[in-house]
Every structure is written in C-alpha cells, then in structure tokens.
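# Report on the structure
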Amino acid sequence: MTNPRQLAFIALRDVHKGAYADVALDRVLQKVNLADCDRRLVTELIYGSVRRQRTLDTLIDQFAKKKSHQQPQDLRTILHLGFYQLRYQERIPASAAVNTTVQLAKENGFSGLTGFVNGLLRQYLRKVGGDEGAGGAGKENTPSSLHKDPLQLPEKPVERLGILHSFPDWIIQVWLEQLGLSETEQLCEWMNQSPTIDLRINPLRTSIEEVEAALQSVGILVKRIPHLPQALRFIGNTGSIQKLPGFKEGWWTIQDSSAQLVSHLLDPQPGEVVIDVCAAPGGKTTHIAELMADKGKILACDRTPSRLRKLQENSQRLSLQSIQIYTGDSRHFNQFQNTAHRVLLDAPCSGLGTMHRHADARWRQIPDSVRELSVLQKELLTHTSNFVKPGGVLVYATCTLHPAENEEVISAFLAESPHWQIESPSSIEFPDSAYSTPQGWFKVWPHREDMDGFFMVRLRKTNNSE
C-alpha cells in the first residue's frame, strides 16, 4: 500500500488514540518504500492536519450539521485531510483534494457518506469563490482580493487568533501578555511553518568550509548563521540525513541554532569539570565537549536510559572521549557537591518554543502541566546549584517561552540564594546580545530571530559561598 493519503490517515488515527505524531509517522513510513515526493506529502499531511486541528474542526463545525466532536473519529480525520489540502496546500488542485478525500471515505468504512464528504468540501470551495481547480484557497498569505475566507472568526483576539492559527486559547494569552497583538500573530505564523534543519560542525574533526564543500558536492545547499561559528542551515530538501557526507565520519551533528547558543553562554574551558544535569539526548553535551577540545571531564546525567543511549551513540560517532554518563535523577545525586567549574541545567520544559518541530505539542500541554514543570525546574535548580564550586557558573536554559518556567523560576531562585547572581551580557563573551534583556537573561523569540524559542541565563556563584 503506497497511497500517501491512506498512510496519512492510518498515522492520524494513531495520533488521535494518543500516539506522538512523529512516532506515528515513522511507523507508517517504515512499512513502505515510497518515493521522496510521496514521503514529503505523507509528512506534510500528518503534521499539517495535527498542527491545524482547531481550524479544521471549526470548518467542520461551520459546514456540517453535526459538530466536529460529534462526528465518528475516523470520519473527522478524513475531513481534516480534505480541508487541510483545500486550505493550505496550494500545489494540490482542489478537484484532486476533494476526489481523494471522497475515495478515503469509501475505502475506510464510510461508503454511505461519500456524498456528505463531497458536498461538505465543495460547499467550502463555493464559499471561497475561487477556481475549483486551485487549492490553497484559504491560505493566510493568499491575497484577499482573489479569495474570500469562509472561516468565520470571533471578535475576541484570543479566540480569533486561536482559531485562525490553531492554538489553544491559553497559549495565545501567554504570548499576548508578553508581545501584544501584532507580534503574537507573527509568532503564530512562524510556529506553523515547516521547521528548518540546522547542523553543528565538529571542529575537532573538520572545518565549516570542508563541510560546506562536501555537501555542495552532492547538491545540498547550506547557509551560515551569523554569530554561530559552527552552525549551518540546510536550504531545501536533504533526503536522509544519515546518508549525507560527513555524518558517519562525525564531522557534524543536527542541532538548532538556539540550542547552540546555550553552550556558548556556558563557555566551558579545556580541563574543567562540567556537569550537564539533564543531558540526554546529548546535543548540548557533545557541543560542550567540542568547545573544551575534548579535554577535561563532562558528567552527563539523565534519568532516561533510552535517551542516554542516543547520547552514547552521538559521542561515539563524533569521537568524543571526555563524557562520562550517569543514569538517574539529578535531584537525588549528592556526590557532586562543589565539584564542577560549570553546570548546565537544560531543564525539562513544556517546549512551547519548539512547537513548529513537534506538531502535537500545543495539544499535549495544559496550564496545569506547565505549573508542574515549574515546580520540577525549581527543585532541579536548587539542588544542582550545589554542584557548582564557589566562583563557578551555572547556565539555566529551556526551550519554552512561558514566564512560569523561565523568569519566575530564576527570580524565585535568586530570592532564596544570596550567593548567586546573574552575570550580565556585557561582562561575558557571547555570540550576539540581540537576545539579551535588561534583567540580564536571554530570550530568543522565533519570529524575530528565525530560530527555536529559547530562554537562557548565566548565573555565577560568589566566592564567599563556602
């Protein structure tokens, strides 16, 4: 079975039963041998339908007699696929989107409802007022003079943005409070783009010029990223990452630009003892080893053995010797008191800065889960700060944009920890101060910097803290 839409339907059915979108996608792709263009279509349909779920449900609510939540789950999934293609896929002709969706209904137990599916999608097209042969009718960046958007939106900004861009209201609210209306809209649009892929070259084995040349030799285009000496960004499709030149040789690894900034802020030096307290799957751990020229000792701790195996595989592929692995919860490690020159706490978080990479993340987090995470983050910070020697450094980082997990965690810690202070950007070497705030922490807003959303702060333990 090699029908991309049927494969997407099977994966989405798993997602609606609780599977992670990327796991469900891998599962269906492993069973078939698809051409690259079909693999891309399956991926786009799955991630797009999950990402745009709220908007697609609203369209069902508007055009069908029964609301989306009253539809049989599999039929709702089929309608999602149809509406997603009509609204967001400019390259798919509307007639093809409608006909293939009707066919999906027929083949998956809804042959008696094919007229309903056909009528619903064509009703949408009539409302658009566009040519039934062209898709992408409601695409946000389509000139409004060409199409009318059939999507009815409420007046209130939170609900309006939530439905139009497909986010829960509470996430929109968190962004509006920090950014205001115009920038929140820009951030929503950015989060709904397909993610770019960045790599980090391993300077112990190669140079950025050598990697550029090797990739260029097989027709893969990359561009450099300002202020990040090891970073390259892929332009266009790459095919299988593992098959690209230099991967097996350990010349480079995949890591987003924002995540690369974190290790530069830590600024580890050769010969030091560094503890990475939530290390798996190891992107930042291996970067720390590279920045230390693989000289010194890096203690990599994590409580998930399967994710630590990835760290081990990565450090072996990159030929790094300085990393020692410890399995367990860092809150229960007492053997590291006052042993580290530097500690990195890349804390478990809600991931609200990387939702473009994780299609279902916006639906998995709720305000209560964020509150629970902030408690965990405070516990980790309080305990692991004891690992740092007097005069040493701790960097706290998350890939979320929620103040409860960032600013509030740091403010609470500093209020209880008189021997710690923020090291301001002006006193340290750092790739770019564009992300710095008056308080001294760094916040990377994706729509401004075109990279994952991150929060990071560098703290120093005063010498008189023994």
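Residues numbered from 1 in each chain as written. Predicted model: local features only at pLDDT ≥ 70, side-chain atom pairs only at ≥ 80, totals over all residues. Heavy atoms only, no water.

## Some words on the environment of Thr 327
Relative to the elements of secondary structure, Thr 327 occurs in strand S7 (residues 323-327). When the C-alpha positions of Thr 327 and Thr 304 are compared, they lie 7.1 Å apart, and in sequence the two are 23 residues distant. Residue contacts for Thr 327: discarding those within four places in its chain leaves Asp 302, Pro 305, Leu 308 and Phe 333. (Helix = DSSP H or I, 4+ residues; strand = E, 2+ residues; numbered from the N terminus. Contact = heavy atoms within 4.5 Å.)

## Comments concerning the packing of helix H1 (residues 4-16) against helix H5 (residues 73-88)
Between two packed helices, both the angle of their axes relative to each other and the distance between the axes serve to describe the pair. Across the interface, H1 lies against H5 with an axial gap of 10 Å and an inter-helix angle of 125 degrees. Judged on the interaxial angle alone, H5 and H1 are oblique. In this structure, the crossing between H1 and H5 has a hand that is right-handed. Here Arg 5, Ala 8, Phe 9, Leu 12, Arg 13 and His 16 of H1 lie close against H5, whose contacting residues are Gln 73, Asp 74, Thr 77, Ile 78, His 80, Leu 81 and Gln 85. The residue inventory of the contact of H1 with H5, partitioned by class, reads 5 nonpolar, 5 polar and 3 charged. (Axes fitted to C-alpha atoms, helices over the stretch in contact; angles between N-to-C directions. Parallel < 35°, antiparallel > 145°, perpendicular 65-115°, else oblique. Left-handed = near helix turned anticlockwise from the far one by under 90°. Nonpolar A, V, L, I, M, F, W, Y, C, P; charged D, E, K, R; others polar.)

## Focus: the nonpolar core
One finds Val 42, Ile 46, Leu 81, Phe 83, Leu 86, Val 117 and Tyr 124 to be the most contacted residues of the largest nonpolar core, which totals 51 residues. Elements with a contribution of two residues or more to this core: H1, helix H2 (21-30), helix H3 (36-51), helix H4 (53-63), H5, helix H6 (94-107), helix H7 (114-128) and helix H8 (157-165). Residues contacting Leu 81, with those up to four places away along its chain left out, are Arg 5, Ala 8, Phe 9, Leu 12, Leu 45, Ser 49 and Leu 104. Counting 30 residues, the second largest nonpolar core, distinct from the first, contains Ala 231, Val 393, Phe 442 and Phe 454. (Core = buried A, V, L, I, M, F, W, Y, C linked by side-chain atoms within 4.5 Å. Buried < 20%, exposed > 50% of the residue type's maximum accessible area, 1.4 Å probe, protein only.)

## Let's talk about unusual backbone geometry
Ala 280 connects to Pro 281 through a cis peptide bond whose omega is 5 degrees. In this fold, Pro 281 is placed in the loop between strand S5 (273-276) and helix H13 (283-291). A positive phi angle is found at Ser 319, which is not glycine, with a value near 60 degrees. If you check the backbone angles, Asn 338 has positive phi at about 55 degrees while not being a glycine. For Asn 338, the location among the structural elements is in the loop between S7 and strand S8 (340-346). On the basis of relative accessible area, Asn 338 is assigned to the partly exposed category, the value being 43%.

## Here's the deal with the pattern of salt bridges
With the rule as written, the count across this model stands at 23 salt bridges. Where Asp 450 meets Arg 233, a salt bridge forms, and the shortest distance between an N and an O atom there is 3.3 Å. With Asp 450 in the loop between helix H18 (446-449) and strand S12 (454-461) and Arg 233 in strand S3 (residues 231-235), this pair connects stretches of sequence that are 217 residues apart. Among the residues examined, Asp 450 registers a relative accessible area of 36% and is labelled partly exposed. Its relative accessible area of 5% is what places Arg 233 among the buried residues. Linking Arg 303 and Asp 329 is a salt bridge whose minimum nitrogen-to-oxygen distance equals 3.4 Å. Of this pair, Arg 303 sits in the loop between strand S6 (297-302) and helix H14 (305-317) while Asp 329 sits in the loop between S7 and S8, placing them 26 residues apart in sequence. We classify Arg 303 as exposed; its relative accessible area is 51%. Put simply, Arg 303, Asp 329, Arg 331 and Glu 379 are held in one network by salt bridges that share partners. (Salt bridge = Lys/Arg side-chain N within 4 Å of Asp/Glu carboxyl O.)

## As for the packing of H3 against H5
Two numbers describe how H3 lies on H5: the axes approach to 10 Å, and their chain directions differ by 100 degrees. With respect to each other, H3 and H5 are oriented roughly perpendicular. Note on element contacts: H5 touches H3 through His 80, Leu 81, Tyr 84 and Gln 85, opposite Glu 44, Leu 45, Gly 48 and Ser 49. Taken together, the residues of the contact of H3 with H5 sort by class into 3 nonpolar, 4 polar and 1 charged.

## Observations concerning the pairing of S7
Across 5 bridges, S6 lies against S7 in parallel orientation. Paired with Asp 302 across the two strands is Thr 327, which belongs to S7. The handedness of the S6 to S7 crossover, carried by H14, is right-handed. (Pairing = 2+ DSSP bridges. Right-handed = clockwise from strand over helix to strand, strands pointing away.)

## Examining the confidence of the model for the protein
On average, residues of the protein carry a pLDDT of 92, and 93% of them reach 70 or more. Contacts for the low-pLDDT stretch residues 132-146, under 50 throughout, to residues beyond four places or in other chains number 40 contacts. (pLDDT = per-residue confidence, 0-100.)

## Some details on the packing of aromatic side chains
Evaluation of the coordinates by the stated rule reveals 13 aromatic pairs. Ring centres of Phe 333 and Phe 336 lie 5.7 Å apart, and the angle between their planes is 80 degrees; this geometry places the pair in the edge-to-face category. By way of ring pairs, the aromatic residues Tyr 326, Phe 333, Phe 336 and Phe 387 are connected into one cluster. (Phe/Tyr/Trp six-rings, centres within 6.5 Å; stacked < 30°, edge-to-face > 60°.)

## Quick word on the pairing of S12
Taken across its 8 residues, S12 has 7 buried, putting it largely inside the fold. As paired strands, strand S9 (residues 388-398) and S12 are joined by 6 bridges and run antiparallel to one another. Looking at S12, one finds that Tyr 396 is bridged to Val 457. Relative to S12, strand S11 (residues 442-444) runs antiparallel, the two being bridged by 3 bridges.

## Comments concerning the environment of Gly 392
Structurally, the position occupied by Gly 392 is in strand S9. Between the alpha carbons of Gly 392 and Ser 319 there is a distance of 28 Å; along the sequence they are 73 residues apart. Sequence-distant contacts of Gly 392, defined by excluding residues within four places in its chain, comprise His 341, Trp 420, Leu 459, Arg 460 and Lys 461.

## Remarks on H4
Most of H4 is tucked away, with 8 of its 11 residues classed as buried. Turning to H4, its buried residues are Gln 53, Thr 55, Leu 56, Asp 57, Thr 58, Leu 59, Ile 60 and Phe 63. Elements in contact with the buried residues of H4: H1, H3, H5, H7, H8 and helix H15 (361-364).

## Section: the sheet that holds strand S4 (residues 252-254)
Taking strand neighbours across the sheet as the criterion, the 4 strands line up as S2-S3-S1-S4 in an open arrangement whose pairing is antiparallel. If you trace the sheet from one side to the other, it starts and ends with strand S2 (221-224) and S4, each paired once. The average undirected angle you get between the axes of adjacent strands in this sheet is 35 degrees. With 4 bridges connecting them, S2 and S3 associate as antiparallel partners. Paired with Val 222 across the bridge in S3 is Phe 234.

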